[in-house]
Amino acid sequence: MLKVLLVVAAIAVVVWVLVRLALRRLDRGEASRPRVIGPDDDPDFLRGLDRPRKPDDD
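Residues numbered from 1 in each chain as written. Predicted model: local features only at pLDDT ≥ 70, side-chain atom pairs only at ≥ 80, totals over all residues. Heavy atoms only, no water.

**Comments concerning the overall build of the protein chain**
The test is simple: In DSSP terms, a helix is any run of H or I states spanning at least four residues, a strand is any run of E spanning at least two, and both are numbered starting from the N terminus. Residue exposure ignores everything except the shown protein chains as possible cover, and the areas themselves are Shrake-Rupley values with a 1.4 Å probe.
Looking only at helices and strands, the protein chain features 2 helices and 0 strands. Just so you have it, the protein chain exposes about 6,200 Å², and 64% of that area is on carbon and sulfur atoms.

Structure (structure tokens):
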């Protein structure tokens, strides 16, 4: 009975380590690095180019 418990515990530890590694790799992807958007790619910036400027705007 003790051997079965040790085998189950060992399998649980291996699965836990594999899941942690997989989650760490997913976090290292696109979510952790914010994408730099230039002004020519920003829809709000491009939309604002068509609006007339007020005299106090420089």
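Having seen the model, we can carry on.
**What to know about a nonpolar patch on the surface**
Using the following cut-off: For patches, a residue must show more than 30% relative accessible area and have no salt bridge; joins then use 9 Å for like charges and 5 Å for nonpolar side chains, namely Val, Leu, Ile, Met, Phe, Trp and Tyr. Any carboxyl oxygen of Asp or Glu within 4 Å of a side-chain nitrogen of Lys or Arg constitutes a salt bridge here. Here the term buried applies to any residue with accessible area under 20% of the maximum for its type, exposed to any over 50%, and partly exposed to those in between, with areas from a 1.4 Å probe on protein chains only.
On the surface, a cluster of nonpolar side chains totalling about 560 Å² of accessible area is made up of Val-7, Ile-11, Val-15, Val-19, Leu-23 and Leu-26. Considering the arrangement of structural elements, one finds Leu-23 in helix α1 (residues 2-27). Classification of Leu-23 as partly exposed rests on a relative accessible area of 46%.

**Some remarks on α1**
Let me state the cut-off plainly: Here, expected helix span is obtained from the residue count minus one, scaled by 1.5 Å.
With 26 residues, α1 extends 37 Å from end C-alpha to end C-alpha; this agrees with the ideal 38 Å at 1.5 Å per step. Among the 26 residues that make up α1, 0 are buried, leaving the element largely open to the surroundings.

This is a description of form; function is not addressed.
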